[in-house]
Amino acid sequence: LKTRGDGRKYIISLKTENWVLPSSQSDDMYQGYIQPKEGEWQEIILPFDKFLLTWKGKVLNEQSIMNRRNVISLSVATVADKEESFSLDIQWIKACNFD
């Protein structure tokens, strides 16, 4: 992704269809983390294998392989303990297969 940030950490969340129960309400949520430099455009590569399986924001002890073929949604959130202003510009996001 090409982004310009404010030096804060951000969570990139990918919701994927569950391997075991496709089309169910138990879709999987994987989270990866980025920390763009303040005020500087940069390209960040976040490999799929760096995303962690989570449930309600908590990393699960048992990790499973992400179903990359059926990504349902992508979201970006700031990591903060209190309500604060933030700045994150995203010029583009793309998925690449490096396998």
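Look up: the structure comes first, before these words.
Here the structure is a predicted model, which means the values were calculated and not measured.

For strand 3 (residues 28–34) and strand 5 (residues 52–55), the ladder comprises 3 bridges, and the chain directions are antiparallel. Each bridged residue has a counterpart across the sheet, and for Met29 the counterpart in strand 5 is Thr54. Bridge analysis of strand 5 against strand 6 (residues 58–59) gives 2 bridges, and the strand direction is antiparallel. Residue pairing in the sheet places Thr54 in a bridge with Val59 of strand 6. Taking the residues between adjacent antiparallel strands as the criterion, strand 5 and strand 6 are bridged by 2 residues, where Lys56 takes a positive phi near 55°.

Turning next to the side chain of Ser13. Within the fold, Ser13 resides in strand 2 (residues 10–16). A polar side-chain atom of Ser13 sits 3.3 Å from a polar atom in the side chain of Gln31. Among residues more than four places away in sequence, those in contact with Ser13 are Met29, Tyr30, Gln31, Ser73, Leu74 and Ser75.

Right, let's get into the sheet that holds strand 4 (residues 42–43). Within a sheet, adjacent strands bond to each other through the backbone by hydrogen bonds, running parallel or antiparallel. The antiparallel open sheet is built from 3 strands, whose spatial order is 4-1-8. Across the chains shown, the open sheet's two edge strands, defined by having one partner strand only, are strand 4 and strand 8 (89–92).

Rules used in this analysis
- Residues numbered from 1 in each chain as written.
- Predicted model: local features only at pLDDT ≥ 70, side-chain atom pairs only at ≥ 80, totals over all residues.
- Heavy atoms only, no water.
- Pairing = 2+ DSSP bridges.
- Helix = DSSP H or I, 4+ residues; strand = E, 2+ residues; numbered from the N terminus.
- Polar contact = N/O pair within 3.5 Å; in protein donor to acceptor, adjacent residues only side chain to side chain.
- Contact = heavy atoms within 4.5 Å.

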